[in-house]
Structure formats: C-alpha cells, structure tokens
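This is what each chain is made of:
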Amino acid sequence: MNKATATPERKIGLTETLDALLAEGAITREQANLIRGKYAKDARHPVAIIAEANLPLATDAHRKLTAETLTQWLAKQSDLPYLRIDPLSLDVAGVTAVIPYAYASRYGILPVKVTKTEVTVATAEPHQRGWEHDVAQVAKREIKRVITNPLDIQRYLVEFYALARSVQNAVETRKAPLSGIQNLEQLMDLGRKGQLTADDQHIVGIVDWLLQYAFDQRASDIHLEPRRDTGNIRFRIDGVLHEVYQTPSAVMSAVVSRLKILARMDLAEKRRPQDGRIKTRSPEGKEIELRVSSLPTAFGEKLVLRIFDPEVLVRDFSQLGLSDADAQQWQKLIREPHGILLVTGPTGSGKTTTLYSTLKQLATPEVNVCTIEDPIELVEPAFNQMQVQTNIDLNFASGVRALLRQDPDIIMVGEIRDLETAEIAVQAALTGHLVLSTLHTNDAPSALTRMLDLGVPAYLIKATVLAVVAQRLVRRLCPKCKQPVEISDARWREVTGGWKMAQPKQVFEPKGCLDCRETGYLGRVGLYEFMTVTHALRMQMQEQPDSQLLRKAALLEGMLPLRIAGALKISEGLTSLGEVLSSTPPPETSA
C-alpha cells in the first residue's frame, strides 16, 4: 500500500521530517537540534524551513540540503512522483480553470496538467487527500498527485492565478465582442465602445508579469504575435522559440498598446513599423534595457522586444568563447592607433556583444569613443552614441562624417551596408582613427571580397583593414546533465573535415534535466574564425580576387575555420556535435 494512503489526514510536521532525515543519516543530531530550537514556532512547510538553514548533507559536505533535494526525498518517502514545475510547459489558462484560486490556496495545491481523462495536481503535503474527491467531481476527471517544491507551488499559485484573473477581468471589462480588433478583415470593429485601454489596471498587471517572467526564464526576445482570434506570446531562449501563452485578441491589442506607451512610440500610428526602447528592472533589481520593434500585420501589430543584459559589457573575451591565442591577438589589435576591425556573421550571432565588450574595454577617460547605430542596441554612458534617422537623411555615412568632426579616437559603425558608408569608414581609418564595424558575410575572408563588391578599391582595403572576425553562437551543454559518449573516427572526420587535430576519447551530448528544462542546453558560447590581415593576405588582394585563393591564403597564415573552432569546443565538453554541425560550414584544409 502507498505510504501516503496508510496515514491519517494531516500536514507533515517539522519534527517528524527532521527525525526521518536523521534516521537516514542525511543530517546530524546537532543539525536537527539547531533547527528545532531556531524554527520551533515557524508555521511554514518543513522543506522551506530546512532549506533556509542551508545545511550541508551529512554524507557529502560538498552538497547542500536544498529545497529541491528535500522535495525529491519527500516524494521518495511518500511513494509519489516528483515534479519540478516548468512554467513554459504549462497551459496557464487551462490549469487555472480547473480549481478556483481560493480552494487551491487553502490546500496548497496547483493543477499542472489537464487531459481529457486526468488532472495532474502538484502538492507538498502527501498526507492531505481530502481535496481529491472535490476536485475529481468538479473536473470530472481522475486525479494524479505529484510532489513539488512548496516554494514553487506558493509562487506559481499566485503568479498563474493572478495572470489568468487579469486576462479574464480585462476581457469582461470590454462589453463588445472580442474578435476582429485591428483586424484588416473587420476594420469596423475599431469603432466599437468598451474597448480595452493600455492603462487598464489588468493590462498593466499582464505586462508586468510578462517582462518579469521573460527575465526569469533567461529570454533574449519576446514575440507578441496577433492572430485572428488570439494572440500568441513566445520567448526565444538560447536561440530557440518557446510558446508561452495565448490571450484573446483584444487583450493582445491592449498589451501591445501598453508596451508602445512604455517604449515612447506613437500609439496612434499602426500602419508603419516603429522602434522604441524600455528601461526596467529585473526581479533581482538589475537594470535591463529592451529594444522594441513593431510591425503591422493582417491581424494587428506584431511586437518584438529584444532584451539586453548590461552584464554582457563586463564579460571578458574568454567568457564569450574566444580562445586564449585569439583573445590576446584581439587585445593587441584593438590597441592599434588606426585601422578597421570587422566582425561578421548572420543576425543573432553575437556581433553586438563582441563589439560592445570591446568598446567597454577601450572607453577610458583618455579616449573618445563614438558610435553610429541603427538602432542603438544598448545605451552605455561610457560611449557617445548616435542613432541613424533616415527620415532626416541621417544615415551611417553622414553620421560618420559628423562624428569625424567630434575629435574621436575610436568610431563604431553599426553596419557597413553600402559604398558610401564603406568609403567614409576607410577614410576615417586613413585619417588616424580606429574603426570597428560589422558586415553580413558567412566567413572572415568573404568580408574582404564583400568590401570589394561594394566598390572599395583593393589598395584602400590593404591599407586599412587590420583583421576580420567571423562568429556564430552555439548552445552550451548543461553542466549538470551532459553525458559522455564515445565518438568514432568517421564521425570525428565528418566534424573536422580532414583537419589534423587530436580526437577526444569521448565527447558530450545533451540529456536534459530540471535545470535546463529537459533541453540539455543552458546558455550559449561563441565560435570565432579569426583572420588577421597579414602581408601574405595583402599580396592576394586584387581588384577581382579569387575568394577561394584568399581563403586558402588565410588558412596558411594560421586562421582556424569556424568548424574547427567548434570542434575545439566539442573537445572541451562545452557543446555537442549536432550544434556545431548545424551552425558551421564544412572546413577547407590549408593544404
């Protein structure tokens, strides 16, 4: 018989929990007595109390008795499944509709999954079952109990029901039907009365929840996408989009309006794209900046919020993923008095982070650092930043011309897109300035041919370009669950493309655990193809150079291709074979 069913209806107590842990040797008698004396009158759940004491495990001093460890132990003691709540995998609207908040709060339970035949309910009290019959009758489904961290139940009970209540109240405040607001198919709906407003208190609550939730989940982007009858909310985490929530279309429209107000965008203008920014704080109190972009679609305005964490500016190059040799070479190059340094790669490959981290190191009181960006990604007090304004003919080229009259030492041009910008960047380098910029090319040697394609003469490129860095971002393996696997010679040759490099005895592959939300990955790391423009490379530069010969010359000069940079990260156990193979082109040999 299940241990939980063999005991009377009651809450678990601190004394019995400590006695059970003591009997198993998880804690010492001194630790148990210490907690009894300090928390004797504390009414909280024993797991929360013992976790707060931050005790080392008696059998392993390197491990702590955390809330999760204690919850897993409690689940084992109770013969019930353990569940750690992943808020991204929950249908918040569905689960909160099963049990009223007052009832769920009274018993400390939280529905986490609803199917046609079953409701999974999280609890931290294995000996309390009085609520099961009531919930089964109301839901008309069988009940499956799981043991969950009481702190998570308490937190998500408040968050999820508050969100669901805000959405429901927002819907009820609008008397007119919900469908068709800002919908090109039913433009007449815009004139209806009772429409939700951006400063409605329920909408303010939804937006606050959305932003805090995104920070908590390490999202880099928030996507708000209007559809015919609903609005989808998705987060991009470690480069992959996850669907988070669906709201009625009227609520989505009001949420978009609220965010536009916060971003100081034109609320009345819904026909053309706009840009704005929001500065706010994370739940931990860190200042975080969001860049907001709107796009008119068939069913309303789509909004994307790019989240910038100021901590990226204080990361050193080894944290970003540069090898020691490349980091030393980069440090040497950024101290050059003049020349051009180019960073290339597709959108979302980390170019901005590389440039901002570099500029942050260079921006001392003795140096004037100026940037021209479209738009300004992250406002940094150490730089003088200017934004492109196409409506008043302030483009990259005219912006750099203006910056040159501001006595700059270092100039960062957000992107070289055309001949005019390329020429003015070259001119700035020739007149004694260090210029950093980005290009969209697949590899480092292609940046030189791209400059030629734009129309910059070869002799000017030879005279100014110091180095090119191509980069990609790959997901970093979760350190807690990555598992070692053997790798065959053929598989390693597939990765390295014939390059002569040591084959590791084993590599690591993703497995999935609670910390990485079963993805196997946690965070990202950069891969870099570092090409210094040496004398030999300059000799290859002609008005119409052969890109393959240019690449071979770069390889002979010591450039490591992106794939080989990825292979090194695989050898170090930082990422997986699949990530590197999907993100990098096959390497050519230098032979």
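Everything quoted here is computed from the prediction, not taken from an experiment. (Residues numbered from 1 in each chain as written. Predicted model: local features only at pLDDT ≥ 70, side-chain atom pairs only at ≥ 80, totals over all residues. Heavy atoms only, no water.)

Chemist: Which parts of the structure should I look at to understand the overall build of the protein chain?
Modeler: The helix and strand tally for the protein chain stands at 22 helices and 20 strands. Along the first, second and third principal axes, the C-alpha atoms of the protein chain reach 85 × 70 × 45 Å. Taking all 591 residues of the protein chain together, the buried fraction comes to 50%. For the protein chain, restricting intrachain contacts to residue pairs at least 6 apart in sequence, the fraction spanning at least 24 positions comes to 63%. Accessible surface, the protein chain: about 27800 Å² in total, of which carbon and sulfur atoms supply 50%. When the 71 positive and 71 negative side-chain charges of the protein chain are each reduced to one mean point, those points stand 3 Å apart. (Helix = DSSP H or I, 4+ residues; strand = E, 2+ residues; numbered from the N terminus. Buried < 20%, exposed > 50% of the residue type's maximum accessible area, 1.4 Å probe, protein only. Contact = heavy atoms within 4.5 Å. Areas by Shrake-Rupley, 256 points an atom, 1.4 Å probe, with all protein chains shown as cover. Lys, Arg positive; Asp, Glu negative; His and termini not counted. Charge placed at Lys NZ, Arg CZ, Asp CG, Glu CD.)

Chemist: Even after reading the chapter, I still don't get the confidence of the model for the protein chain, so can you show me in this structure?
Modeler: Any segment with low pLDDT has predicted coordinates that should not be analysed in fine detail. Confidence in the prediction for the protein chain averages 85 pLDDT; 93% of positions are at 70 or higher. Confidence over residues 1-5 falls short of pLDDT 50; this stretch has 11 contacts with residues more than four positions distant or in other chains. (pLDDT = per-residue confidence, 0-100.)

Chemist: I tried to follow the sheet that holds strand 8 (residues 240-248) on my own but got confused; where do I start?
Modeler: The strands that make up a sheet are held in pairs by hydrogen bonds between backbone atoms, and each pair lies either parallel or antiparallel. The sheet built from six strands is open, its strands ordered 8-7-6-11-10-9 with antiparallel pairing. A single partner strand is all that each edge strand has here, and the edge strands are strand 8 and strand 9 (274-281). Neighbouring strand axes in the sheet, compared pairwise and without regard to direction, differ in orientation by 20° on average. Inspection of the sheet shows strand 9 paired to strand 10 (residues 287-297) by eight bridges, in the antiparallel sense. Across the sheet, the residue bridging to glutamine 274 is serine 294, located in strand 10. (Pairing = 2+ DSSP bridges. Axes fitted to C-alpha atoms, helices over the stretch in contact; angles between N-to-C directions.)

Chemist: Help me understand the packing of helix 16 (residues 445-454) against helix 20 (residues 547-556), please; the structure alone is not making it clear to me.
Modeler: In a pair of packed helices, the angle between the axes and the distance between the axes together describe the arrangement. Where helix 16 contacts helix 20, the two axes come as close as 9 Å, and the packing angle between them is 140°. With respect to their mutual orientation, helix 16 and helix 20 come out oblique. The handedness of the crossing between helix 16 and helix 20 is right-handed. Across the interface between the two elements, Pro445, Leu448 and Thr449 from helix 16 touch Ser547, Leu550, Arg551 and Ala554 from helix 20. For the contact of helix 16 with helix 20, the residue count by class is four nonpolar, two polar and one charged. (Parallel < 35°, antiparallel > 145°, perpendicular 65-115°, else oblique. Left-handed = near helix turned anticlockwise from the far one by under 90°. Nonpolar A, V, L, I, M, F, W, Y, C, P; charged D, E, K, R; others polar.)

Chemist: What is the right way to look at the packing of aromatic side chains in this model?
Modeler: Counted according to the given criterion, the structure contains eight aromatic pairs. Look at tryptophan 209 and tyrosine 245: their rings are 6.1 Å apart centre to centre, the planes differ by 65°, and that puts the pair in the edge-to-face class. With tryptophan 209 in helix 9 (residues 201-216) and tyrosine 245 in strand 8, this residue pair connects regions lying 36 residues apart in the sequence. Neither residue differs from the other here; tryptophan 209 and tyrosine 245 are each classed as buried. Grouped by ring-pair contacts, the aromatic residues Trp209, Tyr213, Phe235 and Tyr245 constitute a single cluster. The residue whose ring lies beneath arginine 165 is tyrosine 101, and the NZ or CZ to ring-centre distance is 5.8 Å. (Phe/Tyr/Trp six-rings, centres within 6.5 Å; stacked < 30°, edge-to-face > 60°. Lys NZ or Arg CZ within 6 Å of the ring centre and 35° of its normal.)

Chemist: Hey, could you run me through the side chain of threonine 371 in this one?
Modeler: By the element assignment, threonine 371 lies in strand 13 (residues 369-373). We classify threonine 371 as buried; its relative accessible area is 0%. The residues touching threonine 371, leaving out its near neighbours within four places in the chain, are Leu359, Phe383, Asn384, Gln385, Met386, Leu403 and Met412.

Chemist: Got a minute to help me understand the environment of isoleucine 261 in this structure?
Modeler: Here isoleucine 261 is to be found in helix 10 (residues 249-262). With 15 residues separating them along the chain, isoleucine 261 and glycine 276 place their C-alpha atoms 9.5 Å apart.

Chemist: Any chance you could explain the sheet that holds strand 15 (residues 410-413) here in plain terms?
Modeler: Strand order across the open sheet formed by seven strands is 14-13-15-16-12-17-20, with mixed pairing between neighbours. Of all strands in the sheet, those bounded by a partner on one side alone are strand 14 (384-387) and strand 20 (521-532). Across this sheet, the average inter-strand angle for adjacent strands is 20°, counted without regard to direction. Where strand 13 meets strand 15, four bridges bridge the pair, whose relative direction is parallel. Opposite threonine 371, over in strand 15, you have methionine 412 as the bridge partner.

Chemist: Quick question: what am I supposed to make of the pattern of salt bridges here?
Modeler: Side-chain pairs of opposite charge can arise whenever the charged atoms involved come near each other. For the structure shown, the criterion picks out 26 salt bridges. Here glutamate 529 and arginine 551 are joined by a salt bridge, their closest N and O atoms 3.0 Å apart. Here the residue glutamate 529 occupies a position in strand 20, and arginine 551 occupies one in helix 20, the gap between them amounting to 22 residues. What emerges from the salt-bridge pattern is a single network uniting Arg277, Lys279, Glu287 and Glu289. (Salt bridge = Lys/Arg side-chain N within 4 Å of Asp/Glu carboxyl O.)

Chemist: I keep staring at the state of the cysteines and nothing clicks. Help me out?
Modeler: Disulfide: a covalent bond connecting the sulfur atoms of a pair of cysteines. Under the counting rule described, the total for this entry stands at zero disulfides. The structure places no disulfide on cysteine 481, whose sulfur is separated from the nearest cysteine sulfur, that of cysteine 513, by 3.7 Å. We classify cysteine 481 as buried; its relative accessible area is 7%. Here cysteine 516 stays free of any disulfide, with the sulfur of cysteine 513 as its closest cysteine sulfur at 3.8 Å. Judged by relative accessible area, which is 1%, cysteine 516 ranks as buried. (Disulfide = S-S within 2.5 Å.)

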